[in-house]
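Chains, contacts and geometry: an overview
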Amino acid sequence: MEFHRKTLGQLADMICGNPPEAGETYFLYRSSYYISEFFEDIETDFRHDGTTRKWWVSDTLKEILAEPRTGTDTLPDTFVRLIRRLMDREDATNEGPDRANALKSLNAALGREGFEAFYADDGQCYLRHVATNKVAVAPVNPHRPLSAVEQKRRDQLTTYLNQCSEDELIEELLLPLFRQLGFHRITAAGHRDKALEYGKDVWMKYTLPTQHVLYFGIQAKKGKIDSAGVSDGNIAEIHNQVLMMLGHEIFDPEIGKRVLVDHAFIVAGGDITKAARNWLGNKLDASRRSQILFMDRKDILDLFVVTNLPLPAAVQHQKDLFSDDPPF
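In this text, all values refer to a predicted model and were calculated from it rather than measured experimentally.

Thresholds, definitions, all that
Residues numbered from 1 in each chain as written. Predicted model: local features only at pLDDT ≥ 70, side-chain atom pairs only at ≥ 80, totals over all residues. Heavy atoms only, no water. Buried < 20%, exposed > 50% of the residue type's maximum accessible area, 1.4 Å probe, protein only. Helix = DSSP H or I, 4+ residues; strand = E, 2+ residues; numbered from the N terminus. Pairing = 2+ DSSP bridges. Salt bridge = Lys/Arg side-chain N within 4 Å of Asp/Glu carboxyl O. Axes fitted to C-alpha atoms, helices over the stretch in contact; angles between N-to-C directions. Contact = heavy atoms within 4.5 Å. Phe/Tyr/Trp six-rings, centres within 6.5 Å; stacked < 30°, edge-to-face > 60°. Lys NZ or Arg CZ within 6 Å of the ring centre and 35° of its normal.

**Section: the pairing of strand β9 (residues 263–268)**
For β9, a buried count of 5 out of 6 residues is recorded, marking the element as mostly surrounded by other parts of the structure. Where β9 meets strand β10 (residues 292–295), 4 bridges bridge the pair, whose relative direction is parallel. Along β10, the bridge assignment pairs Phe265 with Leu293.

**Considering the pattern of salt bridges**
Enumeration over the complete set of coordinates arrives at 14 salt bridges. Of the charged contacts in the structure, one is a salt bridge between Glu237 and Lys221, with a shortest N-O distance of 3.2 Å. Separated by 16 residues along the polypeptide, Glu237 in helix α8 (residues 235–247) and Lys221 in strand β6 (residues 213–221) bring together distant segments of the chain. With a relative accessible area of 34%, Glu237 lands in the partly exposed category. One salt bridge in this structure joins Asp296 and Arg277, with 3.5 Å as the shortest N-O distance. Placement of Asp296 in the loop between β10 and α11 (297–306) and of Arg277 in helix α9 (residues 274–283) is noted, with a sequence separation of 19 residues between them. Among the residues examined, Asp296 registers a relative accessible area of 12% and is labelled buried. Residues participating in the shared-partner salt-bridge network are Arg30, Asp41, Arg85 and Asp91.

**Notes on unusual backbone geometry**
The phi dihedral of Arg185 is positive, around 50°, even though this residue is not glycine. Mapping Arg185 onto the fold places it in strand β4 (residues 184–188). The backbone of Gln211 shows a phi angle near 75°, a positive value even though the residue is not glycine. Tracing the chain through its elements places Gln211 in the loop between β5 (202–207) and β6. Residue Gln211 is classed as exposed on the basis of its relative accessible area of 60%.

**Quick look at the sheet that holds β5**
With respect to topology, 5 strands assemble into an open sheet ordered β4-β5-β6-β9-β10, the strand pairing being mixed. Because the sheet does not close on itself, it has two edges, and the strands there are β4 and β10. Pairs of neighbouring strands in the sheet enclose a mean axial angle of 20°, with direction left out of account. In this structure, β6 lies alongside β9, joined through 6 bridges in parallel fashion. Bridge pairing in β9 places Lys221 opposite Ala268. Against the sheet, α8 contacts β6, β9 and β10, and its axis sits at roughly 155° relative to β6.

**Considerations on the packing of aromatic side chains**
In the structure shown here, the tally under the stated rule is 13 aromatic pairs. Chaining the aromatic ring pairs together yields one cluster made of Phe178, Phe183, Tyr206, Phe216 and Phe265. The positively charged end of Arg89 is found above the aromatic ring belonging to Tyr119, 3.9 Å away from the centroid. Sitting above the plane of the Phe118 ring, Arg128 keeps its charged end 4.1 Å from the centroid.

Spelled out as structure tokens, the structure:
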């Protein structure tokens, strides 16, 4: 990916801490030694060679932006770390720790490339693709320990899951989450199309690094899925819907062809019991069994939190209502 020359120059000035033609800089000044330290901090082998700082940094940015990335709406992991280091709140210069002026300057440059920077609840700076709203983040590990801020977000999402509808589960949580994870052409059936669902609430596709495409369907249930007939997510009903999903073709307008779903996600806003998983596994033959992927409440919560997606509007509203800040 290539940035405009002007954008590279502006970013280089920010990293070097060079003052603009008019006004003051809001970025920490870095000499040759500290520029090398900056690039060491973001886990690269780049070291300043003594040439003009701005042009050396600009050329280094070109090399970083040429590194592999997962899609056209993302950026290389090294560049993501670079921006996070550049916008460290402790490096605030000529302004407060919110770094509002530095953020404004950074977004003036990144806006030319279709990205914007923002501070999340954890105090870190992230990059978002403006057109798709996808956040560029380093590879996430949903199984790592959560910070105090992340645990608070997880608790808020848990409360939301307890009271949201099935459509809200799909639209407010699952669709943003799967977009962030790299799936695209995500299409939700919605209530008006329920008769035409053929067992799936959502279909989407994922492009492998080899450019091969896999198609996925999602069958989502708000509550717990178990093998008892009285459950909100009766597994026998799920079984019928999965068979319909895997056996019915979908139309992909991007290629103008009808295709079969390769894998089916069974997603629950509650738990999916071991008995339910075993029951479904016994009902399906070996080939169909390998096409089923389970995703329950814990998976949703952990993935949503570690990818640092914005909380649903209803959660934000609830947080504002009970804010500790005075209303004046």
